[in-house]
Amino acid sequence: QLQLVESGGDSVPAGGSLRLSCAASADIRHTYTSGTHCLAWFRQAPGEEREGIAAIYTGASGTSNVWYTNSVRGRFTISQDNNKNTAFLQMDNLKPEDTGMYFCASKSLCGLTWADYTRYKTWGQGTQVAVFS
C-alpha cells in the first residue's frame, strides 16, 4: 500500500555522508497524467515541526528545477533517476543538527509551496538519520 518508501538512513559521525533513496510505486507515478511530479524531502527532529529541505521537479525536457532550504544548500543534493522511479538525497558534511527523521513526499508541482508540509498528501514512512559529534 505504500506509495513512497525511503531508505538509507543511518548513524554517522559529523562530517560524514549519507545517500537517501525514495522509491515511488507505479500507483503514484501513474497519478500524474504528465508523468512528472514534485518530489520533496522533509525532516523532523524531536519536538520540532516538519521542515522542507529539498525538492525537485523534472520536466519532459529532462531539465530539473531544484529547491533547497538555506541550512543545507551546498551540502545536500537532490536528484532523480532517469525514469523518475527513485529520488535521492546526497548529504555531505553532515552536522549534528541534521539529525532527525527524513521523509519524502509528493505533490503535482513544487512552486512557492514546495516546503509546506501541509500541502503534501503522499508520504513515505521515514528513515532515521543520526549525526553524532
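Residues take numbers from 1 onward in each chain, read along the sequence in its written order. For this predicted model, a pLDDT threshold of at least 70 governs which residues receive local features, and a threshold of 80 or more governs which side-chain atom pairs are given and counted, while totals over whole chains, interfaces and linings are taken from all residues. Hydrogens are left out, water is left out, and the side-chain values use all remaining heavy atoms of the structure.

Caption draft 1: Quick peek at the overall build of the protein chain. Secondary structure follows DSSP: runs of H or I at least 4 residues long count as helices, runs of E at least 2 residues long count as strands, and numbering of each begins at the N terminus. Helix and strand counts for the protein chain stand at 1 helix and 11 strands. Shown N-terminal to C-terminal, the secondary structure of the protein chain runs as helices and strands in the order β-β-β-α-β-β-β-β-β-β-β-β. For a compact globule the rule gives 2.2 Å times the number of residues to the power 0.38, and the radius of gyration it is set against comes from C-alpha atoms. Rg of the C-alpha trace for the protein chain: 14 Å, near the compact-globule value of 14 Å for 133 residues, within the 12% margin. When the backbone C-alpha atoms are referred to their principal axes, the protein chain occupies close to 45 × 30 × 25 Å.

Caption draft 2: Here's a closer look at the nonpolar core. In this description, a nonpolar core means a group of buried Ala, Val, Leu, Ile, Met, Phe, Trp, Tyr and Cys residues linked to one another through side-chain atoms lying within 4.5 Å. Burial status follows relative accessibility: with a 1.4 Å probe on protein chains alone, a residue under 20% of its type maximum counts as buried, one over 50% as exposed, and anything between as partly exposed. Counting 23 residues, the largest nonpolar core has Leu-39, Trp-41, Phe-76, Leu-89, Met-91 and Tyr-102 as the members making the most contacts within it. Of all the elements, strand β3 (residues 18-24) adds the most residues to this core, at 4 residues. Not counting residues within four places of it along the chain, the set of residues in contact with Leu-89 comprises Leu-18, Arg-19, Leu-20, Trp-41, Ile-53, Ala-54, Phe-76, Thr-77, Ile-78 and Tyr-102. In terms of nonpolar packing, the next biggest core, distinct from the first, is built from 9 residues, Cys-38, Ala-105, Trp-114 and Tyr-120 among them. A contact between two residues is defined here by any heavy atoms of the two lying within 4.5 Å.

Caption draft 3: The environment of Thr-118, seen in detail. With respect to the helices and strands, Thr-118 occurs in the loop between β9 (100-107) and β10 (122-123). Counting along the chain gives 39 residues from Thr-118 to Ser-79, while the straight-line C-alpha distance between them is 23 Å. As used in this structure description, the phrase polar contact means that two N or O atoms lie within 3.5 Å; if the pair is within protein, one of them must be able to donate a hydrogen and the other to accept it, and residues adjacent in sequence are counted only when both atoms belong to side chains. Polar contacts involving the side chain of Thr-118 include one to the side chain of Asp-116, which spans 2.7 Å.

Caption draft 4: The arrangement of the pairing of strand β11 (residues 127-132) in detail. Of the two faces of β11, only one is covered, namely that formed by Thr-127, Val-129 and Val-131; the face formed by Gln-128, Ala-130 and Phe-132 stays uncovered. As judged from the 3 bridges shared by strand β2 (residues 11-13) and β11, these two strands associate in the parallel manner. Following the sheet pairing, Val-12 is matched in β11 by Val-131. At least two DSSP bridges between two strands are needed for those strands to be called paired. Strand direction decides the pairing type here: β9 and β11, joined by 3 bridges, are antiparallel. Considered in β11, the bridge of Met-101 is made with Gln-128.

Caption draft 5: Representation of the state of the cysteines. In this description, a disulfide is simply a cysteine sulfur pair whose atoms lie within 2.5 Å. Within this structure, the stated rule accounts for 2 disulfides. What pairs with Cys-22 in a disulfide is Cys-104, and their sulfur atoms sit 2.1 Å apart. Measuring handedness by torsion sign, the sulfur bridge of Cys-22 and Cys-104 sits at about 70 degrees and is right-handed. Separated by 82 residues along the polypeptide, Cys-22 in strand β3 and Cys-104 in strand β9 bring together distant segments of the chain. For the pair formed by Cys-22 and Cys-104, the shared burial category is buried. With a sulfur-sulfur separation of 2.2 Å, Cys-38 is cross-linked through a disulfide to Cys-110. For the disulfide bridge between Cys-38 and Cys-110, the dihedral angle about the S-S bond is near 105 degrees, and by the sign convention the bridge is right-handed. Taken together, the residues span a long stretch of sequence, with Cys-38 in strand β4 (residues 38-44) and Cys-110 in the loop between β9 and β10 at a distance of 72 residues. For the pair Cys-38 and Cys-110, a shared accessibility class is recorded, and that class is buried. What links to what in the protein chain: the bonded cysteines, counted in sequence order, pair as 1-3, 2-4.

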